[in-house]
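Coordinates in review
The residues making up each chain are set out below.
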Amino acid sequence: MSVIAKAPKRPISTYLHLHPKTGLRALLALPLTWLIGVYIISLFLLLVTAFWFTDPYTSKVRPGFTLENFVSIFTVPAYFATSVRTLGIALAVTAVCAVFAVPLGIFMAKLARPWMRNLLAVAITLPLWAGYLVKLLAMRLTFTENGLFNWLVEPLGISGPGFGIPVIVLTLAYLWFPYMALPVFTAIRQLPHNLFDASADLGAKGWPTVLRIVLPLITPAIVAGSVFTFSLSLGDYLAARFVGGKTQMVGSIIASNINLNPPVAAAFSMVPIAFVIMYLMLARRTGSLERM
Amino acid sequence: MKVSPSAEEISADKTAGVSAISITGLNKSFDKVQAVVDLNLEISQGEFFSMLGPSGSGKTTVLRILAGFETASSGKVLLEGTDVTDLAPFDRDVNTVFQDYALFPHMSIQKNVEYGLKARKISKPKRAELASQAIDSVKLSHLADRLPHQLSGGQRQRIALARALVLRPKVLLLDEPLGALDKQLREEMQVELKRIQREAGITFIFVTHDQEEAMRMSDRIAVFNAGRIEQIGTPAEVYESPATEFVAGFLGVSNLLSGEDARQLLGSADLVNIRPERIKILPENSKPLAGEISVRATIVDIAYTGANTLYTLEGPNGLRLVATRLNQEMSGASQGLDWSDKVLATFRKEHVAKIPSK
């Protein structure tokens, strides 16, 4: 006697089994609608807007074609300086994150006991669960004139940097650190332990081992992390607003022009995108993206 | 002007005749597990010394302590008379060949071999020259620019060897270096390793769980079990005169007899071992020669292994013996013997190895 007494009636499953292409379409319908409908079209509209202009008399946006908005990025000194400053801040944030992530990753992956490793992994990811503004406020309170930092260093006869570029860099590094620390930790964890043994065995001490073995092998992870820290920093404007003092970033210009002059805001939106594309192309040339 | 001999010259004189490695009272525990128990060991210069034992017997831990990757819980390790117990790996004149080679995956073969020379701050041209020589000595010059993953297992093994030997260590530690190779390559590499060891004149300490490999290659073998050394001796000594039941069982096929089995054959219940190749199988009605011990038995199993055939014999009172015969002149796998045949098993008294009771 057969185990399956009679053919089961599952008309939909049977139909999809016989028509795999229909199944594929059903599977991709939602994601594609979102990707094309929301994501790509809105970005495309943004790009188009960047070529429109604002009527100086009525302050109304008029469709048309002008390169004026893009030209202003290069010709208005304040605009150009802001773009360069933003690039510098994003690079600095990335560097700070990497400099902290590598030793921490080596400790977590190779030296810490399991409970300590888990504790640190939670400690690194915990800030991701807290709201963005909460973290910003925390940094603001720390570095404000009568804040914790100044109170701590006062006995040494120095005072903190005050709100400005250094605090922006620190704040953004604090915000995006998990994106660098996690891939770096994972990469170091995957390094066979006997590479460390072999390096020591052949006569290399700690620092040469990090320089010649660890760093080259985890470069893909650092690049992966840096894509996040770099691009997220480029697009940020709240850090500049709350802990930057008078410092402006590209995000600040976009934010202040969103209502006033949308085409200029749209043109400036292309600045971080251009930087990110250049960055990815550079990263690609190092060969790190292939090994990610 | 130099009148008195330099420190180096004195130490060179001093080290002549000193043990390459001298371990005294070594203990190592991980958390609550004691991996090495009160171990003492002397290894001579230029010796090919094997540490043999099952996994978890402590042999690899001893090797890692010699390399400096683990610190001893107590005890002393001397390298040519100098105390190295607390020295970091990079401060001791020993090098290691790792089980899975541990070649640096992002460096060419040439750079891998140069790595240790670079750490020792040897000039670039000198380093390139020495590395090329070392790669040449393992016959892989044509692969110097490749990356490790482009090499076969056997080739990687040779490079790992060249990378360690280029530094001319006092002692080379090898951690199951042939474990990942297939049988044929393994046997080739065994010969190769012995040749390199002879030519370099460096003390080799070789960790393996393969008793055949240890016997083939070593001047002396230390048999490890549960963190202790059960016996140290030449391959012939540990095979012919095992010091403990464990050694007798771990090396080769053994007939361990004690109690009633021993008493009915030998008149004493002491633990003894008879190697199967020492037992002759004769027709049932033959007469044993003078000095031979004999027992009537039935063949209960025949196993053909190519060079030998193994016969399992059952004697009176459940006595079981394994006897081997070389398939040299006999024809066919069964050598004229068959299951259930009644035979006479004989062996000489001097081939009964008494195992001292502890």
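Residues numbered from 1 in each chain as written. Chains lettered and ligands numbered in written order. Predicted model: local features only at pLDDT ≥ 70, side-chain atom pairs only at ≥ 80, totals over all residues. Heavy atoms only, no water.

**What about the overall build of chain A?**
Regarding its fold elements, chain A presents 13 helices and 2 strands. On C-alpha atoms alone, chain A measures out to a radius of gyration of 26 Å, which is more than a quarter above the 19 Å that the 2.2 N^0.38 rule sets for 292 residues. Structurally, chain A occupies a C-alpha span of about 90 × 70 × 35 Å along its principal axes. Each of the 292 residues in chain A was classed as buried or not, and the buried ones make up 39%. Of the contacts formed within chain A by residues at least 6 apart in sequence, a portion of 68% connects residues at least 24 apart. A total accessible area of about 17600 Å² is found for chain A, and carbon and sulfur atoms account for 71% of it. A distance of 16 Å separates the average location of the 21 positive side-chain charges in chain A from that of its 8 negative side-chain charges. (Helix = DSSP H or I, 4+ residues; strand = E, 2+ residues; numbered from the N terminus. Rg over C-alpha atoms; globule rule 2.2 N^0.38 Å. Buried < 20%, exposed > 50% of the residue type's maximum accessible area, 1.4 Å probe, protein only. Contact = heavy atoms within 4.5 Å. Areas by Shrake-Rupley, 256 points an atom, 1.4 Å probe, with all protein chains shown as cover. Lys, Arg positive; Asp, Glu negative; His and termini not counted. Charge placed at Lys NZ, Arg CZ, Asp CG, Glu CD.)

**Focus on the overall build of chain B**
Scanning chain B from N- to C-terminus turns up 10 helices and 18 strands. Its C-alpha atoms give chain B principal-axis dimensions of about 85 × 45 × 45 Å. Across chain B, every contact between residues at least 6 apart in sequence was considered, and the portion connecting residues at least 24 apart equals 64%. Put simply, chain B shows about 17300 Å² of open surface, and 50% of that area lies on carbon and sulfur atoms. Charge separation in chain B, taken as the distance between the mean sites of 43 positive and 45 negative side-chain charges, equals 3 Å.

**Comments concerning the packing of aromatic side chains**
Evaluation of the coordinates by the stated rule reveals 15 aromatic pairs over all chains. Judged by centre distance (6.1 Å) and plane angle (40°), the ring pair of A:Phe74 and A:Phe80 falls under tilted. Residue A:Phe74 is classed as exposed on the basis of its relative accessible area, which comes to 60%. Relative accessible area serves as the criterion here: at 39%, A:Phe80 is assigned to the partly exposed category. With centroids separated by 5.6 Å and ring planes inclined at 45°, the aromatic side chains of B:Phe48 and B:Phe204 adopt a geometry described as tilted. One end of the pair, B:Phe48, is in strand S3 (residues 48–52); the other, B:Phe204, is in strand S8 (residues 203–208), with 156 residues separating them in the sequence. (Phe/Tyr/Trp six-rings, centres within 6.5 Å; stacked < 30°, edge-to-face > 60°.)

**Concerning the sheet that holds strand S12 (residues 272–274) of chain B**
All names here are of chain B. Pairing in this open sheet of 3 strands is antiparallel, and the strands run S11-S12-S18 from one edge to the other. At either end of the open sheet lies a strand with only one pairing partner, and these are strand S11 (255–257) and strand S18 (353–354). Pairing of S12 with S18, which is carried by 2 bridges, proceeds in the antiparallel orientation. From the neighbouring strand, Asn273 faces S18, where its bridge partner is Ala353. (Pairing = 2+ DSSP bridges.)

**Observations regarding the nonpolar core**
Core analysis: the biggest nonpolar cluster contains 114 residues, and A:Leu172, A:Ile218, B:Met51, B:Ile159, B:Leu172, B:Phe204 and B:Ile205 have the highest contact counts within it. Broken down by element, the residue count for this core peaks at 14 residues, all from helix H8 (residues 165–190) of chain A. Aside from chain neighbours lying at most four places away, what touches B:Leu172 is B:Asn95, B:Val97, B:Leu161, B:Ala164, B:Leu165, B:Ile202, B:Thr203, B:Phe204 and B:Ile205. Among the nonpolar cores identified, the runner-up in size contains 22 residues, and B:Leu257, B:Ile274, B:Leu321 and B:Leu337 belong to it. (Core = buried A, V, L, I, M, F, W, Y, C linked by side-chain atoms within 4.5 Å.)

**Considering the sheet that holds strand S10 (residues 228–233) of chain B**
All names here are of chain B. Here we have 6 strands laid out as an open sheet, ordered S6-S7-S8-S3-S9-S10, and mixed in their pairing. One side of each edge strand has no neighbouring strand; the edge strands of this open sheet are strand S6 (94–97) and S10. Each adjacent strand pair in this sheet contributes to an overall mean axis angle of 20°, direction not counted. Where S6 lies against strand S7 (residues 171–175), 4 bridges are found, and the strand directions are parallel. Counted as the bridge partner of Val94 is Val171 from S7. In this fold helix H5 (residues 153–165) packs onto S6, S7 and S8, with an angle of close to 175° to the strand it touches most, S6. (Axes fitted to C-alpha atoms, helices over the stretch in contact; angles between N-to-C directions.)

**Quick look at the domain arrangement of chain A**
Residues and elements named next belong to chain A. Taken domain by domain, chain A comprises domain 1 (25–66) and domain 2 (76–291). A straight line from the C-alpha centre of domain 1 to that of domain 2 covers 31 Å. Opposite the 8 residues of domain 1 that make contact, domain 2 presents 8 residues. Carbon and sulfur atoms supply 80% of the area that domain 1 and domain 2 bury against each other, a total of about 620 Å² over both sides. (Domains from an automatic or database assignment. Buried area = accessible area lost by both parts, 1.4 Å probe.)

**Details of the side chain of B:Asn255**
All names here are of chain B. With respect to the helices and strands, the residue Asn255 is situated in strand S11. In this structure the side chain of Asn255 is engaged in a polar contact, spanning 2.7 Å, whose partner is the backbone nitrogen of Val322. Aside from chain neighbours lying at most four places away, what touches Asn255 is Val272, Asn273, Ile274, Arg275, Pro276, Ile279, Arg320, Leu321 and Val322. (Polar contact = N/O pair within 3.5 Å; in protein donor to acceptor, adjacent residues only side chain to side chain.)

**Describing the interface of chain B and chain A**
How big an interface is tends to be stated in terms of accessible area lost as the parts join. The interface is formed by 23 residues belonging to chain B together with 17 residues belonging to chain A. Interface area, chain B with chain A, both sides summed: about 1800 Å², of which 62% is carbon and sulfur. The interface formed by chain B and chain A includes 1 salt bridge. A salt bridge links B:Arg64 to A:Asp197; the shortest N-O distance between them is 3.2 Å. Inspection of the region where chain B meets chain A yields 8 residue pairs in polar contact (both at pLDDT 80 or more). Counting only elements with at least two residues in the side of chain B that touches chain A, the list comes to helix H2 (59–67), S6 and helix H3 (109–119) of chain B. Per-element tally for the side of chain B that touches chain A: the top contributor is H3(B), with 4 residues. (Salt bridge = Lys/Arg side-chain N within 4 Å of Asp/Glu carboxyl O.)

**Some words on the packing of helix H12 (residues 250–257) of chain A against helix H13 (residues 262–285) of chain A**
Residues and elements named next belong to chain A. Contact geometry for H12 and H13: axes closest at 8 Å, N-to-C directions at 160°. Classified by the interaxial angle, the pair formed by H12 and H13 is roughly antiparallel. Considering the relative orientation of H12 and H13, their crossing is left-handed. On H13, the residues that touch Val250, Ile253, Ile254 and Asn257 of H12 are Pro262, Val264, Ala265, Phe268, Ser269, Val271 and Pro272. (Parallel < 35°, antiparallel > 145°, perpendicular 65-115°, else oblique. Left-handed = near helix turned anticlockwise from the far one by under 90°.)

**Things to note about unusual backbone geometry**
Despite not being glycine, B:Glu176 shows a phi value in the positive range, around 40°. Assignment of secondary structure puts B:Glu176 in the loop between S7 and helix H6 (183–200).

**Topic: the pattern of salt bridges**
All names here are of chain B. The full count for this structure, using the stated rule, is 21 salt bridges over all chains. One salt bridge in this structure joins Arg127 and Glu114, with 3.4 Å as the shortest N-O distance. Here Arg127, found in helix H4 (residues 124–137), pairs with Glu114, found in helix H3; they are 13 residues apart in sequence, far enough to count as distant. Across this residue pair, the class does not change: Arg127 and Glu114 are buried. Between Glu199 and Arg195 there is a salt bridge whose closest N-O contact spans 3.1 Å. One end of the pair, Glu199, and the other, Arg195, are both in helix H6, 4 residues apart, so they sit about a helical turn from each other. Assessed through its relative accessible area of 23%, Arg195 is described here as partly exposed. Ionic contacts of the salt-bridge type, sharing partners, join the residues Lys139, Arg158, Glu192, Arg195 and Glu199 into one network.

**What to know about the packing of helix H6 (residues 132–143) of chain A against H8(A)**
Residues and elements named next belong to chain A. Put simply, H6 and H8 touch, their axes get as near as 10 Å, and they point 145° apart. Here the hand of the crossing between H6 and H8 comes out right-handed. Residues Tyr132, Lys135, Leu136, Met139 and Phe143 of H6 pack against Val167, Leu170, Thr171, Tyr174, Leu175 and Trp176 of H8. Its residues placed into classes, the contact of H6 with H8 shows 9 nonpolar, 1 polar and 1 charged. (Nonpolar A, V, L, I, M, F, W, Y, C, P; charged D, E, K, R; others polar.)

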